[in-house]
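Geometric and topological summary
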Amino acid sequence: RRQRQMCKETDNILLRIKAKGYIPVLAHPERYTYMNEKDYWRLKGMNVRFQLNLLSLIGAYGPEVRGKAEWLLKNGYYQLLELTFIALRFGKKVL
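Residues numbered from 1 in each chain as written. Predicted model: local features only at pLDDT ≥ 70, side-chain atom pairs only at ≥ 80, totals over all residues. Heavy atoms only, no water.

1. Considering the pattern of salt bridges
Inspection of every chain in the model, using the stated rule, returns 3 salt bridges. Of the charged contacts in the structure, one is a salt bridge between Glu70 and Arg66, with a shortest N-O distance of 3.0 Å. Separated by 4 residues within a single helix, Glu70 and Arg66 lie in helix α4 (residues 63–74), roughly one turn from each other. Among the ionic contacts, a cluster of salt bridges with common partners joins Asp11, Asp39 and Arg42. (Salt bridge = Lys/Arg side-chain N within 4 Å of Asp/Glu carboxyl O. Helix = DSSP H or I, 4+ residues; strand = E, 2+ residues; numbered from the N terminus.)

2. Brief notes about the confidence of the model for the protein
A low pLDDT score tells you not to read the predicted coordinates there in detail. Summary statistics for the protein give a mean pLDDT of 86 and a share of 81% for residues scoring 70 or more. Mean pLDDT values over the elements of the protein span from 54, in helix α5 (residues 85–94), up to 97, in α4. (pLDDT = per-residue confidence, 0-100.)

In structure tokens, the structure reads:
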């Protein structure tokens, strides 16, 4: 029940954002471990853009996040790619 309420609140916020002419972007959705395929599908249906954090694909945030990032990429959810300068500094240690 709680998750259903959160979904409804999230949908309302996204609809208000879209009503003002903005396109909502969900940054690094692969890192939201509480989200599942149904959540992603619902947001994609609302034309929310998905932004991949590149470090997720190399496992910088763990194997669960990497697996989710690979699944989202394979299934065509991402429209944007992110690699920040902070991530570059961290990435040097990972690579």
